[in-house]
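Chain by chain, the residues:
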Amino acid sequence: MKNAEINKLGVAELTQQIVVEQENLSRLKLAHAISPIENPMRIRETRKLIARLETALSAQVKA
């Protein structure tokens, strides 16, 4: 998800997307702990996406 797409989302959509991505991250971590996943960089990308979503949410709440 690109920053332009993130900025178009509303507060409710951002909150929902954060929950979805956090669940995805926990599934990725569990799968990686059991057996190494094919692309472990997906864990890092997901963490960064969650951070971008939380930053956008915080900016919208303050405004």
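The structure displayed is predicted, hence computed values, not measured ones. (Residues numbered from 1 in each chain as written. Predicted model: local features only at pLDDT ≥ 70, side-chain atom pairs only at ≥ 80, totals over all residues. Heavy atoms only, no water.)

A.B. asks: Can you tell me about the overall build of the protein chain, naming the residues and giving the values?
C.D. replies: On a plain count of helices and strands, the protein chain comes out with three helices and zero strands. Secondary structure elements of the protein chain occur, N-terminal to C-terminal, as α-α-α. Out of the 63 residues in the protein chain, the part that is buried amounts to 24%. With an accessible surface of roughly 4,700 Å², the protein chain has 55% of that area assigned to carbon and sulfur atoms. Side-chain charges in the protein chain split into 10 positive and 7 negative, and the spacing between the mean points of these groups amounts to 6 Å. (Helix = DSSP H or I, 4+ residues; strand = E, 2+ residues; numbered from the N terminus. Buried < 20%, exposed > 50% of the residue type's maximum accessible area, 1.4 Å probe, protein only. Areas by Shrake-Rupley, 256 points an atom, 1.4 Å probe, with all protein chains shown as cover. Lys, Arg positive; Asp, Glu negative; His and termini not counted. Charge placed at Lys NZ, Arg CZ, Asp CG, Glu CD.)

A.B. asks: Let's hear about the side chain of Glu21: which residues, and what values?
C.D. replies: Its place among the elements puts Glu21 in helix H2 (residues 11–34). At 8.4 Å, Arg27 is the nearest oppositely charged side chain to Glu21, a buried residue that forms no salt bridge. Excluding its chain neighbours within four sequence positions, the residues that come into contact with Glu21 are Thr46, Leu49, Ile50 and Leu53. (Salt bridge = Lys/Arg side-chain N within 4 Å of Asp/Glu carboxyl O. Contact = heavy atoms within 4.5 Å.)

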